[in-house]
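Chain by chain, the residues:
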Amino acid sequence: MSKTKIANQKYPLKTFDTIPMLKPHTPLLDGVGSPDDLKKFSTAQLQQLADELREFLLYATGVSGGHFGSNLGVVELTIALHYVFNSPKDQIVWDVGHQAYPHKILTGRRDKLTTIRSQHGLTAFPERHESEYDTFGVGHSSTAISAGLGMSLAMRYLGKRDKVVSIVGDGAMTGGMAFEAMNDAVQQNADLIVVLNDNDMSISQATGGFSKHLATLWQRGLAVDIDKNGDAIFTKRVISSEDRRIRHYLHMANEALDDWTSRLPNKIVEKLAEKGIPKPSQLETLPEKIANKLIDEVFPENLFKAIGFQYFGPFDGHDVAKLTQVFERVKQLKGAVLVHVHTVKGKGFLPAECDPITYHAITKLKKINPAQEKSVPVDSQKPAPTPAKKYSQVFGEFICDKAATDKQLMAITPAMAEGSGMTEFAKRFASQFFDVAIAEQHAVTLAGGMATQGVKPIVAIYSTFLQRGYDQLIHDVALQNLNVMFAIDRAGLVGEDGATHAGVFDIAFMRTVPNMVIACPKDENECYNLLNTCYEHIGPSAVRYPRGNGIGAEIDKNQAMYPIGKAALEQTIEATAVGTSNVAKKVAVLAFGTMVKTAVTACQNLAETYPMTTFFVYNMRFVKPLDSELLDTLLAQNCSIVTLEEHQVMGGAGSAVNEYLVAQAAKTSQALPTLLNIGIPDKYIAHGSPEQQLADCELDVAGVVKQMQTILS
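Residues numbered from 1 in each chain as written. Predicted model: local features only at pLDDT ≥ 70, side-chain atom pairs only at ≥ 80, totals over all residues. Heavy atoms only, no water.

Another aspect to go through is the environment of Ala 460. With respect to the element layout, Ala 460 can be found in strand β14 (residues 456-462). Residue classification places Ala 460 among the buried residues on the basis of a relative accessible area of 0%. Taking C-alpha positions, Ala 460 is 9.2 Å from Gly 421, a pair spaced 39 residues apart along the chain. Leaving out residues up to four positions away in the same chain, Ala 460 has contacts with Phe 395, Ile 412, Thr 413, Pro 414, Ser 420, Met 422 and Ala 487. (Helix = DSSP H or I, 4+ residues; strand = E, 2+ residues; numbered from the N terminus. Buried < 20%, exposed > 50% of the residue type's maximum accessible area, 1.4 Å probe, protein only. Contact = heavy atoms within 4.5 Å.)

For the rest of this paragraph, the subject is the side chain of Ser 142. Along the chain, the position of Ser 142 falls in the loop between α5 (101-109) and α6 (144-158). A distance of 2.7 Å separates a polar atom in the side chain of Ser 142 from the backbone oxygen of Ala 172. Residue contacts for Ser 142: discarding those within four places in its chain leaves Asp 95, Ala 172, Gly 175, Met 177, Ala 178, Ile 438 and Arg 468. (Polar contact = N/O pair within 3.5 Å; in protein donor to acceptor, adjacent residues only side chain to side chain.)

Here we come to the pairing of strand β23 (residues 675-680). Across a regular strand the side chains alternate sides, sitting on one face of the sheet and then on the other. In the sheet, strand β22 (residues 640-648) pairs with β23 via five bridges, with the strands oriented parallel. Within β23, the position partnered with Gln 648 by the bridge is Ile 680. Between β22 and its parallel partner β23, the chain crosses via helix α25 (residues 653-668), and the hand of that crossover is right-handed. (Pairing = 2+ DSSP bridges. Right-handed = clockwise from strand over helix to strand, strands pointing away.)

Geometrically, the link from Ser 87 to Pro 88 is a cis peptide bond, its omega value of 10° lying close to zero. Among the secondary structure elements, Pro 88 is positioned in the loop between α4 (75-84) and β3 (91-95). A cis amide bond links Gly 313 with the next residue in sequence, Pro 314, at an omega value of 0°. If you trace the backbone, Pro 314 turns up in strand β8 (residues 310-316). A positive phi angle, near 70°, is found at Ala 415, a position not held by glycine. In this structure, Ala 415 sits in the loop between β12 (409-413) and α17 (423-428). With relative accessibility at 5%, the residue Ala 415 sits in the buried group. Notably, Gln 559 is not glycine yet its phi reads approximately 55°, a positive angle. With respect to the secondary-structure elements, Gln 559 resides in the loop between β17 (541-544) and β18 (568-574).

Let us look at the pattern of salt bridges. If you walk through the whole model with that rule in mind, you get 23 salt bridges. Put simply, Glu 130 and Lys 104 hold a salt bridge, and the shortest N to O gap is 2.7 Å. Residue Glu 130 is located in the loop between α5 and α6, and its partner Lys 104 is located in helix α5; the two are separated by 26 residues in the primary sequence. Each member of the salt-bridge network shares a partner with another, and the members are Lys 104, Arg 109, Glu 130 and Asp 134. (Salt bridge = Lys/Arg side-chain N within 4 Å of Asp/Glu carboxyl O.)

Another point: the packing of helix α24 (residues 628-636) against α25. Put simply, α24 and α25 touch, their axes get as near as 10 Å, and they point 60° apart. Our classification of the angle between α24 and α25 gives oblique. Of the two possible hands of crossing, α24 and α25 adopt the one that is right-handed. When α24 is examined against α25, the residues Ser 628, Leu 631, Asp 632 and Leu 635 are found in contact with a partner set consisting of Val 657, Tyr 660, Leu 661, Gln 664, Ala 665 and Thr 668. Looking at the contact of α24 with α25, its residues break down into six nonpolar, three polar and one charged. (Axes fitted to C-alpha atoms, helices over the stretch in contact; angles between N-to-C directions. Parallel < 35°, antiparallel > 145°, perpendicular 65-115°, else oblique. Left-handed = near helix turned anticlockwise from the far one by under 90°. Nonpolar A, V, L, I, M, F, W, Y, C, P; charged D, E, K, R; others polar.)

Moving on: empty space enclosed by the protein. Inspection of the entire model under this criterion finds four cavities of 30 Å³ or more. Quantified by volume, the largest cavity comes out at close to 120 Å³. Together, 13 residues line the largest cavity, and Arg 544, Phe 592, Gly 593, Thr 594 and Glu 646 are the ones closest to its centre. Grouping the amino acids of the lining of the largest cavity by side-chain chemistry returns eight nonpolar, two polar and three charged. (1 Å grid on protein atoms, 1.4 Å probe; cavity = no way out; pocket = protein on both sides within 12 Å on 5 of 7 lines; lining within 4 Å. Points joined across faces, edges and corners; volume = space filled by probe spheres on them.)

With 88 residues, the main nonpolar core has Leu 81, Met 173, Phe 304 and Phe 327 as its most contacted residues. Counting residues per element, this core draws most heavily on helix α2 (residues 43-64), at nine residues. Contact partners of Phe 304, with chain neighbours within four places excluded, come to Met 173, Met 182, Leu 196, Phe 210, Leu 214, Leu 217, Phe 309, Tyr 311 and Leu 338. (Core = buried A, V, L, I, M, F, W, Y, C linked by side-chain atoms within 4.5 Å.)

It is worth spelling out the packing of aromatic side chains at this point. Counted by the stated rule, this structure contains 16 aromatic pairs. Aromatic side chains Phe 304 and Tyr 311 sit 6.0 Å apart centroid to centroid with 0° between the ring planes, which places their arrangement in the stacked category. On the basis of an interplanar angle of 15° and a centroid distance of 5.5 Å, the ring pair of Tyr 462 and Phe 465 is categorised as stacked. Owing to a relative accessible area of 7%, Tyr 462 belongs among the buried residues under this scheme. Aromatic rings pair up to connect Phe 179, Phe 210, Phe 304 and Tyr 311 into one cluster. Its guanidinium or amino end placed over the ring of Phe 56, Arg 110 lies 5.8 Å from that ring's centre, counting from NZ or CZ. Lying over the aromatic face of Tyr 535, Lys 456 brings its terminal NZ or CZ to 5.1 Å of the ring centre. (Phe/Tyr/Trp six-rings, centres within 6.5 Å; stacked < 30°, edge-to-face > 60°. Lys NZ or Arg CZ within 6 Å of the ring centre and 35° of its normal.)

Listed below in structure tokens is the structure:
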């Protein structure tokens, strides 16, 4: 579609310090129903569009809650991409997906953005079934280059000439998979554009050598631009004193500049001093060989160029006019290309720019009467305090308490220090804390290596991300019976984050691994003390606990030790219903983790309906090893058995109980009891509130009662 020039008014970048409570006035954005509608704007109008999109994003995220800072940071970048490329024919892949809210707004989903992360609303990440513009589902990081390369190679085979653009955050670039894909892209001589969205952050502050490398490239004040013919141009950039990176790596940039200038002949240095930084063709008085290699001399250790990518940047990721120019020129190139852009997480919203970690995501704001103020102070956006601690807080308290008396404790996180409750530990025990960036495989094997030296590493990791380190868990830890503990957060359903982040497979993939011990606490106190129990255990172990708040249980910090593989009778509930039946029934409910409370309430409800029935609710505590003595007793009594877990039924704790009972019944020639496994069915559970998700799986009290009635009637 041709670009019809409408207006050419210069529109300054807006900044905000409050989140609007009423839908803002957005005349340009109102006219955008698809990316094609962007083509009618002049590049001068695109900045006004960016301001409108950012203000609408503030409003919509305030209504829905959700990922915040990263989306504010990619407004101009998203506009430029959709302005230049012809999606969905041109394939745009986001990595990670939590920066795709502006993409959703520009691709026909603006009116639904306030439903994001809500039941039946938009998903928090790109999802193929939601829109043709979502080319690949992205909930985990470091995947976009592999996916984009696969698309490019398939399109080449099919004779298609459309472009593939993979947008990758600098945090996602720390994952080894990204580099595997870049290596293969060069080998395949693929046409692939990688846009590195470099904001010096993942959820937390970026760490590691790769982050320092990017900082060095940025702080040099130099850039590789591209001219209209697709040739590289060497240019200067202005470095702002407000740049966050100055606080972290300015000394590295200065060292790098001193390093390359000291290696250049005096003749070149003098020429640079006279004319500024020229492009090679301007150095007419120098030998052609020296002139043509000047850029390579200035960026001698550029990682992307070393791999074999054509490198351009770094560019200001908030200069929409410059970005559109660069993309227009880059899309004419063949081969593997990397465009390096620098963005500010939380851009345009001052509190988020100042504190990008806190504003990585926000909760829903309370609704106000339209007659009240149109915006609310930032302080009022903080969630109300709750007496019940989050399970991540319990873990954080445990590792601090334990490290105070045990100097062998080493804590490892793959870029989730805040989410896993480790910030206090990182401050107090800095020499025992290791943030390895988004590198789950490395985190697990790193722990294995540490364990060989006699220390006790704890890998704090979300269940969904441990999936990425499964081979390492088996081969590098369990096979060698190394003394490593896994603190597995977000085990079970995770509410608004949906299927991509659900921790519903870890029991299945861990319980089949020899040497593993797997514990499931019922509440905060048990979480604290099962962490202690597994920490003191010699060998690989895991404690899995859910997202969010506990039930308010008081924590006994005497660091109790539970006997491994032993369950506890939580409650015996006698029937209160009166009936004519004289046949007594016994039902044992084997509840795992936080399902213990649900099991007790469900059995209390059933006791009011079913006479002559006694319910025994067991807190199993351990999935592996199971309490075989308890199971043998129940088998001998021919007691009906119900298993209850917030995990997939297939392969889960209930399956483990079934396997044991079937084997024992065959060995002892006993009849199998009535068995019922209650858990998550064989499907992905859509996003919604935790309560809605549990109800969808019939794992709330009403659902458990309904399912247990099938064996009681």
